Amino acid sequence: MSVPDRMDERLRALGLVEAQRMAEALFAGTATRGLVAPGRSEREASDRIGDLARDLFGTAAGLPGPIVRSGPHTLLPYGPAAPDRVIGEDDVVVAELGSVLAVSEVGFASTLVFGQDPAKHRLAMDLPRMFTACREALLADSRLTGGRLHALLLALAAESGWTVGGWHCGHLVGADPSADVRNARPDAYICAENDRPLRRAVEGGWQAHWILEIHLVDGSRGFGGSYKRLLDLV
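Residues numbered from 1 in each chain as written. Predicted model: local features only at pLDDT ≥ 70, side-chain atom pairs only at ≥ 80, totals over all residues. Heavy atoms only, no water.

Colleague: Can you walk me through the packing of aromatic side chains in this structure?
Modeller: Centre-to-centre distance and the angle between the planes together describe a pair of aromatic rings. Following the criterion strictly, the structure yields four aromatic pairs and no others. Ring centres of F27 and F108 lie 6.4 Å apart, and the angle between their planes is 55°; on these two criteria the pair is classed as tilted. Taken together, the positions of F27 in helix α1 (residues 6-32) and F108 in the loop between β2 (92-96) and β3 (109-113) put the pair 81 residues apart, joining distant regions of the chain. The exposure class of F27 is buried, given its relative accessible area of 16%. Residue F108 is classed as buried on the basis of its relative accessible area of 1%. With a centroid separation of 5.4 Å and an interplanar angle of 65°, the aromatic rings of F131 and Y227 are classed as edge-to-face. Separated by 96 residues along the polypeptide, F131 in helix α3 (residues 118-140) and Y227 in strand β8 (residues 223-230) bring together distant segments of the chain. (Phe/Tyr/Trp six-rings, centres within 6.5 Å; stacked < 30°, edge-to-face > 60°. Helix = DSSP H or I, 4+ residues; strand = E, 2+ residues; numbered from the N terminus. Buried < 20%, exposed > 50% of the residue type's maximum accessible area, 1.4 Å probe, protein only.)

Okay, structure coming up:
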């Protein structure tokens with residue numbers, strides 16, 4: 001099997017970055033158009049985002065559509081389906097938009113907050129702040145392992161009074177985000193058991209690219225939030 005050359009690597013990286021840019025544009029359009037709002041059901045909001053994706057991107061937008069979670073459903077990890085729910089006036093809402101892009105392996109999630117609850121608004125600010133701290137740690141240490149980055153996120157969350165949901169906080173581009181810890185390869189996930197550097201080559205000689213999934217929860221109050229982006233590509 002031939003090893004990809006620099007142009008192949010660059011085109012792949014540019015494709016991933018462009019897919020994330022599209023997801024960011026879709027989330028911005030979702031927010032400005034009020035597609036996710038109190039009084040709408042999660043399914044209705046998801047359908048409206050899917051319609052906007054097809055308007056914006058045409059055939060590049062595919063199925064399945066986005067996943068919208070609100071209230072106690074934000075405590076759930078990516079995988080399990082939840083029954084439909086009407087978004088409340090003081091809810092946290094998570095929009096998972098990576099699956100909207102038909103040809104993309106990019107994961108993307110952002111969090112919206114309705115109402116005036118200061119803890120929920122603090123959550124919305126802590127998510128990107130912790131993402132930036134994790135990215136800076138990777139940029140500062142080319143030998144940073146998945147286990148050490150996982151430990152860093154757990155420490156940041158604990159300092160701010162949150163719990164990290166799920167057994168991992170990210171994965172290789174192309175790995176299943178909903179994989180069970182018993183059946184997953186640790187070196188494909190940002191998890192406690194991954195003792196390999198994140199910056200390395202993977203099968204086929206390709207450069208490893210990572211998606212960081214930050215899922216913070218407050219189990220006692222019954223809400224959480226998510227922030228998911230490409231970690232090593234800006």
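Next comes the rest of the description.
Colleague: It is not clear to me how the pairing of β2 should be interpreted in this structure. Could you clarify?
Modeller: On any regular strand, side chains alternate: one points to one face of the sheet, the next to the other face. Among the five residues of β2, five are classified as buried, and the element is accordingly described as predominantly covered. Alternating positions in β2 separate into two faces, V92, V94 and E96 on one and V93 and A95 on the other, with burial throughout. Inspection of the sheet shows strand β1 (residues 67-70) paired to β2 by four bridges, in the antiparallel sense. Across the sheet, I67 pairs through a bridge with E96, a residue of β2. As paired strands, β2 and β3 are joined by five bridges and run antiparallel to one another. Pairing of V94 across the sheet is with T111, part of β3. (Pairing = 2+ DSSP bridges.)

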